[in-house]
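Analysis of the macromolecular model
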Amino acid sequence: MACRAGSLRFLIPKFASCVNRVNPCTVPVLIRKTQYRNSASRLRFSSTVPKPKKEMVTVHFIQSDGSKLTTTAAVGENLLDIIIDNDIDIDGFGACEGTLACSTCHLIFKQEDYDKIPEKPTDEELDMLDLAYGLTNTSRLGCQVVITKDMDGLQVQVPTSVVDARDPS
Ligand code: FES
């Protein structure tokens, strides 16, 4: 059995006898290799690249009874995802899970906030909005509105009722 570590002779008596046969020049090499291995693993763990922080904004949902639900949202999320991710309980909201088939994610914006939405409604969204309860000139479907940085502090009104366009009645 090769004797590997002169430094172990103080810890493990069994190695003490073989330490005498070890070329004294190899012991510093072994120690240096161990130090190198340790510093290399330290480097590996410390070289991880930090994830970029998501930009966050505050969004307020005003319910039909006037109560306000406030949450933070990452830029790039749509309003349906924000409601789902933050467990915001709005009755019947987002029934089709963002597939543009229900209109239950109808939200009403203030004019200045409506004008900040970069994406204009598509024909499919407009068709679905026509079926929404309480349609206004500043209505959008929450599943189609993506949050941008300049929407920080956004307040949206939740309509007093929802209509699920898939409902046959
Ligand atoms: S969640 Fe159904 S249309 Fe938006």
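Below, the structure is looked at part by part. (Residues numbered from 1 in each chain as written. Predicted model: local features only at pLDDT ≥ 70, side-chain atom pairs only at ≥ 80, totals over all residues. Heavy atoms only, no water.)

1. A few points about the overall build of the chain
Counting its secondary structure elements, the chain contains five helices and five strands. Along the chain direction, N to C, the helices and strands of the chain fall in the order α-α-β-β-α-β-α-α-β-β. For the chain, the proportion of its 169 residues judged to be buried stands at 34%. About 11200 Å² of surface is accessible on the chain, with carbon and sulfur atoms providing 53% of the total. (Helix = DSSP H or I, 4+ residues; strand = E, 2+ residues; numbered from the N terminus. Buried < 20%, exposed > 50% of the residue type's maximum accessible area, 1.4 Å probe, protein only. Areas by Shrake-Rupley, 256 points an atom, 1.4 Å probe, with all protein chains shown as cover.)

2. What to know about the side chain of Asn78
Looking at the element boundaries, Asn78 is found in the loop between strand 2 (68-74) and helix 3 (79-85). Here Leu80 takes part through its backbone nitrogen, which lies 2.9 Å from a polar atom of the side chain of Asn78. Only 3.5 Å separates the side chain of Asn78 from the backbone oxygen of Cys143, close enough to count as a polar contact. Once residues within four sequence positions are removed from consideration, Asn78 is found in contact with Gly142, Cys143, Val145 and Val146. (Polar contact = N/O pair within 3.5 Å; in protein donor to acceptor, adjacent residues only side chain to side chain. Contact = heavy atoms within 4.5 Å.)

3. Some words on unusual backbone geometry
The backbone phi angle of Asp87 is positive, close to 50°, even though this residue is not glycine. Residues other than glycine seldom take positive phi values, yet Leu100 does so here, at roughly 55°. Residue placement: Leu100 occurs in the loop between helix 3 and strand 3 (106-109).

4. A short note on the pattern of salt bridges
Summed over the entire model, instances satisfying the criterion amount to four salt bridges. In this structure, Arg140 engages Glu125 in a salt bridge whose closest nitrogen and oxygen atoms are separated by 2.8 Å. You can see Arg140 sitting in strand 4 (residues 139-141) and its partner Glu125 sitting in helix 5 (residues 123-129), a full 15 residues away along the chain. Residue Arg140 shares its accessibility class with Glu125, and that shared class is buried. We note a salt bridge from Asp164 to Arg166, for which the minimum N-O separation is 2.8 Å. In this structure Asp164 comes out as partly exposed when scored by relative accessible area, which is 23%. (Salt bridge = Lys/Arg side-chain N within 4 Å of Asp/Glu carboxyl O.)

5. Observations concerning the sheet that holds strand 4
The strand order across the open sheet formed by five strands is 2-1-5-3-4, and the pairing between neighbours is mixed. Each edge of the open sheet is held by one strand with a lone partner, namely strand 2 and strand 4. Each strand of the sheet is rotated relative to its neighbour by a mean of 35°, with strand direction disregarded. Two strands pair when backbone bridges link them, and strand 1 (residues 56-62) and strand 5 (residues 154-157) are joined in this way by four bridges, in the parallel orientation. (Pairing = 2+ DSSP bridges. Axes fitted to C-alpha atoms, helices over the stretch in contact; angles between N-to-C directions.)

6. Some words on the side chain of Gln63
Along the chain, Gln63 falls in the loop between strand 1 and strand 2. The contact partners of Gln63, leaving out residues within four places of it in the chain, are Leu69, Asp89, Ile90, Gln157 and Val158.

7. Some words on the pairing of strand 3
Burial along strand 3 is two-sided: His106 and Ile108 facing one way and Leu107 and Phe109 facing the other are all buried. Direction of pairing for strand 3 relative to strand 4: antiparallel, over a ladder of three bridges. Its bridge partner lying in strand 4, His106 is registered against Leu141. Across two bridges, strand 3 lies against strand 5 in antiparallel orientation. Paired with Ile108 across the bridge in strand 5 is Gln157.

8. What about a negative patch on the surface?
A grouping of Asp123, Glu124, Asp127 and Asp130 is seen on the molecular surface, where their side chains present a negatively charged patch. Within the fold, Asp123 resides in helix 5. (Patch = residues over 30% accessible without salt bridge, like charges linked within 9 Å, V, L, I, M, F, W, Y side chains within 5 Å. Lys, Arg positive; Asp, Glu negative; His and termini not counted. Charge placed at Lys NZ, Arg CZ, Asp CG, Glu CD.)

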